[in-house]
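# Remarks on the overall topology
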Amino acid sequence: MVAVHKTVDELAIFGGAPVFDEKLHVGRPNVGDRDRLLQRINDILDRRWLTNDGVYIREFEARVARLAGVRHCVAMCNGTVALEIAIRALGLAGEVIVPSFTFVATAHALQWQDITPVFCDIDPETHNLDPGLVEQAITPRTTGILGVHVWGRPCAVEPLERIARRYRLKLLFDAAHAFACSHHGQMLGSFGNAEVYSFHATKFLNTFEGGAVVTNDSNLAARLRLMRNFGFAGYDQVIDLGTNGKMNEIAAAMGLTGLDSLDEFIAVNRRHWEQYWRELADLDGVTLAAYDPAEKNNYQYVILELEDTLAISRDELVSILHAENVMARRYFYPGCHRMEPYRSRYPQAGRHLPHTEALTRAVVSLPTGTGVEADAIASICHLVRLAVRHHQEIHQRLKRQRGQAALAL
Ligand SMILES: *Cc1c(COP(=O)(O)O)cnc(C)c1O
């Protein structure tokens, strides 16, 4: 396909034909070498060893641990269960400080075991926890901090480590976005008491569904392994409370196949991200979230932030793109504190979260990954530029359109 150019009148939201015939989704999975995957699946069937510490699970754990530069990787059935088990294995209780600007699983993993997520505001520059505000949120009930490396960009790791040490808190990181990313040259995954990856289909590396806890703490790793497998320490020997958090062999085979293509996934994402940057960086009214070129990045997220100088709202831009079959996403709208059960429990939380609230209204995530072509990105950038350059006119027309739709009802 060749990049399409339109005028305002030709936008699909005003009745034109959509640029894309099929929906272009954010987070189309990265799939590695299909033959290699099928070969591994055949091996699994030949071995008749489908789960429980199989050959591929062990290999996957070893390769993830090596890549993250940590001693232990404990693979799990998904990132949420990995978070839940890590939280429990660390002995967290009472209150844990988390951002509200994250996927809801970060908060749910705490609340699921009756631990109160205390929502803390973010730094509007980094989109990550503001350590000064974290310190202010500590109470006698606080047992830990759960930071999130949003978009794979590192949290304020050192300040959070200092706070955790001073107040004797556990420090856990949700590194669901941050596989194969570094901070001062050290891989994310190796900080705090432990870090948690997600290998969900939409993530940079996927195992269909999957996750892992990575840590340098051998005692913690042993506890995680017990909890992941019903508390079994050997045949017939249950020595503690546990659940079923195991990853299966086919998931591990998918993970290994993805790891074989990791450099290619990064190269494609990086090329896409640089194309977006070239075409959108100097556009007034929007900011593209940047990655530190001195670090390792997976470039999995193309995040556009609309400034409030624009007449069109973020939601109007999303509607314009959706009409063209560009399925841009509003991350992490509306913020965990505005979702249930938190919304009812802490109706005033938003007062302390001005940067979170502003960002959840300003951010759009655009399609990238190995499932997207350069021409498609050129068309998406053209649409964004058109919408932003003609923001006044488009906003007025959309307002009129909404008025007419309301009258017609
Ligand atoms: C995807 C994600 C999770 C949950 O991982 P699953 O594997 O889908 O359970 C948790 N936190 C963040 C920030 C995520 O993006």
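As the structure is a computational prediction, the values presented were derived from the model and not from experiment. (Residues numbered from 1 in each chain as written. Predicted model: local features only at pLDDT ≥ 70, side-chain atom pairs only at ≥ 80, totals over all residues. Heavy atoms only, no water.)

### Here's the deal with the packing of helix α2 (residues 55-68) against helix α8 (residues 249-260)
It is at 8 Å that the axes of α2 and α8 come closest, and there the two elements cross at 40 degrees. Looking at the two axes, α2 sits oblique to α8. Crossing hand, α2 versus α8: left-handed. For the pair α2 and α8, contact is made by V55, Y56, I57, E59, F60, R63, V64 and L67 and by E249, A252, A253, G255, L256, L259 and D260, respectively. The residue makeup of the contact of α2 with α8, split by class, is 10 nonpolar, one polar and four charged. (Axes fitted to C-alpha atoms, helices over the stretch in contact; angles between N-to-C directions. Helix = DSSP H or I, 4+ residues; strand = E, 2+ residues; numbered from the N terminus. Parallel < 35°, antiparallel > 145°, perpendicular 65-115°, else oblique. Left-handed = near helix turned anticlockwise from the far one by under 90°. Contact = heavy atoms within 4.5 Å. Nonpolar A, V, L, I, M, F, W, Y, C, P; charged D, E, K, R; others polar.)

### So, the nonpolar core
The biggest cluster of nonpolar side chains holds 53 residues, and the ones touching the most others in it are L11, W151, Y276, L304, L366 and I394. Broken down by element, this core gets its largest block of residues, nine residues, from helix α13 (residues 374-389). Two domains each put at least three residues into this core: domain 1 (8-27 + 262-328 + 367-408) and domain 2 (34-260). Excluding residues within four positions of it along the chain, L11 makes contact with K6, G16, I320, E324, L383, L386 and I394. (Core = buried A, V, L, I, M, F, W, Y, C linked by side-chain atoms within 4.5 Å. Buried < 20%, exposed > 50% of the residue type's maximum accessible area, 1.4 Å probe, protein only. Domains from an automatic or database assignment.)

### So, the domain arrangement of the protein
On domain assignment, one finds that the protein holds domain 1 (8-27 + 262-328 + 367-408) and domain 2 (34-260). For domain 1 versus domain 2, the separation of C-alpha centres amounts to 31 Å. Of the residues lining the interface, 16 residues belong to domain 1; the matching set on domain 2 comes to 22 residues. Counting each side, the surface lost to burial between domain 1 and domain 2 is near 1,600 Å², with a carbon and sulfur contribution of 56%. Taken as a group, L262, N298 and Y301 account for 38% of the area that domain 1 buries against domain 2, more than any other trio of residues on that side. Linking domain 1 with domain 2 are zero salt bridges, by the criterion used here. (Buried area = accessible area lost by both parts, 1.4 Å probe. Salt bridge = Lys/Arg side-chain N within 4 Å of Asp/Glu carboxyl O.)

### Focus: the environment of R270
Relative to the elements of secondary structure, R270 occurs in helix α9 (residues 262-280). Sequence separation between R270 and N297 is 27 residues; the distance between their C-alpha atoms is 8.4 Å.

### Let's talk about the sheet that holds strand β14 (residues 302-306)
Picture the strands of a sheet paired through backbone hydrogen bonds; they go either parallel or antiparallel. Here three strands make up an open sheet; going across it, the order is β13-β14-β16 and the pairing antiparallel. With one partner strand each, in any of the chains shown, β13 (286-288) and β16 (363-366) form the two edges of the open sheet. Here the strands of the sheet are splayed against their neighbours by 25 degrees on average, with no regard to which way each runs. Where β14 lies against β16, four bridges are found, and the strand directions are antiparallel. Residue pairing for β16: L304 is matched across the bridge by V364. Docked against the sheet, α9 engages β13, β14 and β16, running at close to 155 degrees with respect to β13. (Pairing = 2+ DSSP bridges.)

### As for the site of the ligand
As a matter of local geometry, the ligand sits amid 15 residues, with G79, T80, D174, S198 and K203 nearest to it. G79 is positioned such that a nitrogen or oxygen atom in its backbone is 2.8 Å from an oxygen atom of the ligand. D174 places a side-chain nitrogen or oxygen 2.7 Å from a nitrogen atom of the ligand. Its free accessible area being 380 Å², the ligand has 91% of it covered by the protein chains. The set of elements that each furnish at least two residues to the shell around the ligand consists of α3 (79-89) and α4 (105-111). Its residues placed into classes, the shell around the ligand shows four nonpolar, nine polar and two charged. (Near = heavy atom within 4 Å. Polar contact = N/O pair within 3.5 Å; in protein donor to acceptor, adjacent residues only side chain to side chain. Areas by Shrake-Rupley, 256 points an atom, 1.4 Å probe, with all protein chains shown as cover.)

### Some words on unusual backbone geometry
The step from Y333 to P334 runs through a cis peptide bond, and the omega angle for that step is -5 degrees. Tracing the chain through its elements places P334 in the loop between β15 (326-327) and α11 (342-345). With an omega dihedral of 5 degrees, the bond running from E340 to P341 counts as a cis peptide bond. Within the secondary structure, P341 is located in the loop between β15 and α11. Its identity is not glycine, yet R168 carries a phi of approximately 55 degrees, on the positive side. Following the sequence through the fold, R168 ends up in the loop between α6 (157-167) and β6 (170-174). Taking the relative accessible area as the measure of exposure, R168 reaches 77% and is therefore exposed.

### Concerning the pattern of salt bridges
The final tally for this structure, using the stated rule, is 17 salt bridges. The shortest N-O distance in the salt bridge between R338 and E357 comes to 2.7 Å. Here E357 lies in helix α12 (residues 354-360) and R338 lies in the loop between β15 and α11, a separation of 19 residues in the sequence. Residues joined by salt bridges that share partners form a network here, namely R40, E59, R63 and D260.

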